[in-house]
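Listed below, chain by chain, are the residues.
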Amino acid sequence: YFDENIKYDYIEEKNEFNIIQTKPGSRAFFKGGLLKDVSINFIGFNDKTISKIPNYPIDLRGLTGCLSLINLKTKNVKIQSSNSNCEDTVNLINVDGSFNEIAIKNSLSDGLDVDFSRVKIENINISSSGNDCVDFSFGKYELKKLNLVDCGDKGLSIGEKSSVKLNKITVKNSNTGIASKDSSIANVDDVYLENIKTCVSAYNKKQEFYGGFLKVKKIECKNYVKKIDVDNKSKIIIEND
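All values derive from a computational prediction rather than experimental measurement.

## Notes on the overall build of the protein
Tallying secondary structure elements over the protein gives zero helices and 15 strands in all. Against the compact-globule benchmark of 18 Å for 241 residues, the protein has a radius of gyration of 17 Å, which places it among compact chains. When the backbone C-alpha atoms are referred to their principal axes, the protein occupies close to 50 × 35 × 35 Å. The burial tally for the protein puts 51% of its 241 residues in the buried class.

Written out as structure tokens, the structure is:
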């Protein structure tokens, strides 16, 4: 499904969707069914003046993503996106399955936002997000490798009763490297952070939840202001510290 200001092309032999915005704020979404062995390329309209973006940040259908995947199953899916002008570049809502890669660059606000889902993702590569590079909430997530650069707020944000298992993450140039909050549990094997204000944090933000839990096996944080920020409702364990 897509708005009238979207150009859409499907290359059958490659099982590839190419989606191009012709005006800011236009959106596309896949809803229901199965996406298998497919590539999706989304190219946004390169104008991030919020006053020119209709229905920002939430459109009339309640969507925040320029590209949204809703109520479906995935297997071996690859997503690439650039020049987003929505609240979220890519938004996954109630998705079950696997992704080979999600690559996003030059986002007005959040890069990848995942809600109410249960997914495995091999590689996430995100650069230049105005707010969070990656945001997970209300779900169960298994991640292999994250490379996040130039995140306006948090590199990896985990919240609202989420469970995250992550093998390796690199975050450069961000306010916070990793944040676990609001009854979330995050277990991370290998962390490398550089040019960060706060390396890792765990806290309670919303009163209907408890704090956050974060366990890290190995961490290296370079050029930071504060290494650990944790409130009295939360816990952070760093094994190599």
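## Side note on the packing of aromatic side chains
Counted according to the given criterion, the structure contains eight aromatic pairs. Judged by centre distance (4.9 Å) and plane angle (5 degrees), the rings of Phe116 and Phe138 are stacked. Of this pair, Phe116 sits in the loop between strand 8 (110–115) and strand 9 (118–129) while Phe138 is found in the loop between strand 10 (134–137) and strand 11 (140–159), placing the two residues 22 residues apart along the sequence. Judged by its relative accessible area of 43%, Phe116 is partly exposed.

## Some thoughts on the state of the cysteines
Applying the stated criterion across every chain, the model contains three disulfides. The partner cysteine of Cys133 in its disulfide is Cys151, sulfur to sulfur 2.1 Å. Taking the torsion about the sulfur-sulfur bond, which here is approximately -100 degrees, the covalent link between Cys133 and Cys151 counts as left-handed. One end of the pair, Cys133, is in the loop between strand 9 and strand 10; the other, Cys151, is in strand 11, with 18 residues separating them in the sequence. By relative accessible area, which is 4% here, Cys151 ends up buried. Shown here is the disulfide that connects Cys199 with Cys221, its sulfur atoms set 2.0 Å apart. The sign of the -85 degrees torsion about the S-S bond sets the Cys199-Cys221 disulfide as left-handed.

## A word on the pattern of salt bridges
All chains considered together, the criterion is met by 10 salt bridges. Here Lys78 ties to Glu101 by a salt bridge, and the two come within 3.8 Å at their closest N and O atoms. Here Lys78, found in strand 6 (residues 65–84), pairs with Glu101, found in strand 7 (residues 88–107); they are 23 residues apart in sequence, far enough to count as distant. The partly exposed category is assigned to Lys78, whose relative accessible area is 31%.

## Section: the environment of Phe209
Within the element layout of this structure, Phe209 appears in the loop between strand 13 (185–203) and strand 14 (213–230). Separated by 11 residues in sequence, Phe209 and Glu220 have C-alpha atoms that sit 30 Å apart.

Criteria and cut-off values
- Residues numbered from 1 in each chain as written.
- Predicted model: local features only at pLDDT ≥ 70, side-chain atom pairs only at ≥ 80, totals over all residues.
- Heavy atoms only, no water.
- Helix = DSSP H or I, 4+ residues; strand = E, 2+ residues; numbered from the N terminus.
- Rg over C-alpha atoms; globule rule 2.2 N^0.38 Å.
- Buried < 20%, exposed > 50% of the residue type's maximum accessible area, 1.4 Å probe, protein only.
- Phe/Tyr/Trp six-rings, centres within 6.5 Å; stacked < 30°, edge-to-face > 60°.
- Disulfide = S-S within 2.5 Å.
- Salt bridge = Lys/Arg side-chain N within 4 Å of Asp/Glu carboxyl O.

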